[in-house]
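# Structure at a glance
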Amino acid sequence: MTKQDIDTVDLLLSKLDKKQLADFIRKECSVNVRFQDRFLALGTGTLFKPDPAKFASRVEDLIEDYSGRHGYIEYRDTFDFNRAVTRILDEAEEAMRIGQWEVATAVLTGIASVAEEILNSGDDSAGELGAIVDDCFEKWHELCSETNLPISTKSEIFELALSRFNDKELKGWDWWWDWIKMAIDLADTPEKQHRVIMALDAIKPNGDDWSAKHNAETAQKYKLEIMSRCGSPEDQVKFMYDNVANPDFRQRLIQMAWDKADYDEVLRLARDGVNHDTKYIGLVSDWHKWEYKAYHEIGDKDNELQLARHFFFGGSRWGEKEYSMEAMYSVLKSLVPHDEWGKYAKTLISEAQGKKDIVRLLYIYTQEKMWQEYMGYIRKNPSIYNIDDTPKEVKKLFKDEIIKLYASAVRHFFQCASNRDSYRTGVEFLRKLIRYGGTEDAAQIVTEQKSRTPRRPALIDELSKL
């Protein structure tokens, strides 16, 4: 509604008397259930006891309203559905603002109880349905953190959250863990803390099932969190060592050992991680990085060299500059004695060739200025893009041959070109051929293409722009 519309509404409200307003509201309530629900919600917490089922029912009615004839909310309608449910969530926010804790709890309890229905109600490609559940739990956490929340309300929410977690409500989604987060936040007595720990201990891995393993590790992380509130630091460290297979705990323990400069322990934990997590490439890479750092600190150059070579050949994640191909090549050159580097570089070339790792093979050729070897690769793989990427030194040393190979590649490109976009691209290649010094070759290709039969007006038009 625009500001002008709001001003008009305010003006009308100032002119109407109480009877006129009452008659209008009564009439609308009799013919519009949604309006009736919103109006009666004004009395929740004052005239009426808050009932979570009422709020759940309102959401279910909205699901029905927005569902098409197939009982499914279409992608185009999820935004409006989100706004409609958000207006109900706003009632919880307003209740928190004025300290109506029972109302806020009832609203959030009701909506959370139909969270799975919301998620399964339609096409969530735009994320509008999941955003409703996100918003609901954000308000739950906001409510749990309220300093003025009565003890009785805290206990009520604690019991609700723990029971929903134990009942596995929303299991399979991350929101399942929001229940235990709420319980941890509200576990303000040893008895409650013990019950949370018991609930977490019940989450066990199941063979090779990845999901069960992930849930068990997540439960351990939350158990450590509650132990930080009711246990000693020594108990927490022991718990992490007892469950060191949890990669999050291993990372923490390695970091603790690193901070104390206990590099032997760093290496022990990292090596154990490499052996334990052989199925998980990303984790193995993490443990190798810790090994590499420790070897560097203690001056173990042989092992540092071995791991630097591992990272050079792709043992790191995309975007990690510290362990990138370029960074690791520099490390290799710094670790290998100068008079032995030539021999060592040949082993890198041999490994790259064996792995068919062209990127690293050409990188080594470039770094070592092995232009003859680089040109040998181009002769075997004379594509337009390979030639374009060739170092300028190679293009200069083998200029005539480069022009010949490039002209041949461009000629082949035009033979396969069949539309204006490809003709336009071909003209760009001709311009590059001219820049390489192949003006005569480019002119000959233009003549050949213009004389092709049947005639291609679009091709001739693009060539005329050269």
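Residues numbered from 1 in each chain as written. Predicted model: local features only at pLDDT ≥ 70, side-chain atom pairs only at ≥ 80, totals over all residues. Heavy atoms only, no water.

## Some words on the packing of aromatic side chains
Just so we agree on the cut-off: For Phe, Tyr and Trp, rings pair up if their centres lie within 6.5 Å, where Trp contributes its six-membered ring, and each pair is then called stacked (planes under 30 degrees apart), edge-to-face (over 60) or tilted (otherwise). Elements are defined by DSSP. Helices are runs of H or I of four residues or more, strands are runs of E of two residues or more, and each kind is numbered from the N terminus. A positively charged side chain is recorded as over a ring if its NZ (Lys) or CZ (Arg) lies within 6 Å of the ring centre. The angle to the ring normal must also be within 35 degrees.
Tallied over the entire structure, the rule returns 22 aromatic pairs. Where Tyr 292 meets Phe 311, the ring centres are 6.0 Å apart and the plane angle is 90°; that geometry is what we call edge-to-face. Here Phe 311 lies in helix H17 (residues 301–312) and Tyr 292 lies in helix H16 (residues 281–298), a separation of 19 residues in the sequence. Among the aromatic side chains, those forming a connected cluster through ring pairs are Phe 312, Phe 313, Tyr 329, Trp 341, Tyr 344 and Tyr 363. Here the basic side chain of Arg 250 rests over the ring of Trp 287, its NZ or CZ set 5.6 Å away from the ring centre. Above the ring of Trp 258, the side-chain terminus of Lys 293 is found at 4.7 Å from the ring centroid.

## Details of the packing of helix H4 (residues 52–66) against helix H5 (residues 78–97)
Quick reminder of the rule: Note on geometry: axes are C-alpha line fits, over the in-contact stretch for helices, and angles between N-to-C directions span 0 to 180 degrees. An angle below 35 degrees is read as roughly parallel, one above 145 as roughly antiparallel, one from 65 to 115 as roughly perpendicular, and any other as oblique. Crossings are sorted by hand: turned counterclockwise from the far helix by less than a right angle, the near helix makes the crossing left-handed, and turned clockwise it makes it right-handed. Here, residues are in contact when the closest pair of their heavy atoms is within 4.5 Å. Three classes are used: nonpolar for Ala, Val, Leu, Ile, Met, Phe, Trp, Tyr, Cys and Pro, charged for Asp, Glu, Lys and Arg, and polar for all others, with Gly counted as polar.
Interaxial distance between H4 and H5 falls to 10 Å at its minimum, and their mutual angle equals 165°. Judged by the inter-axis angle, H4 sits roughly antiparallel to H5. Seen along the crossing, H4 lies across H5 with a hand that is right-handed. Each of Phe 55, Arg 58, Val 59, Leu 62, Ile 63 and Tyr 66 in H4 lies in contact with H5, whose residues at this interface are Asp 80, Phe 81, Ala 84, Val 85, Ile 88 and Glu 91. Looking at the contact of H4 with H5, its residues break down into 9 nonpolar, no polar and 3 charged.

## A few points about the pattern of salt bridges
Quick note on the threshold: Counted as salt bridges are all cases of a side-chain nitrogen of Lys or Arg within 4 Å of a carboxyl oxygen of Asp or Glu.
Overall, the coordinates contain 32 salt bridges when judged by the stated rule. Residues Asp 185 and Arg 229 are paired through a salt bridge, measuring 3.3 Å at the closest nitrogen-oxygen approach. Residue Asp 185 is found in helix H10 (residues 175–186), and its partner Arg 229 is found in helix H12 (residues 210–230); the two are separated by 44 residues along the sequence. The salt bridge involving Glu 401 is made with Arg 379; its shortest N-O contact spans 2.6 Å. Note that Glu 401 is positioned in helix H24 (residues 399–416) and Arg 379 in helix H21 (residues 371–380), a separation of 22 residues in sequence. Connected via shared salt-bridge partners are Arg 420, Asp 421, Arg 424, Asp 461, Glu 462 and Lys 465.

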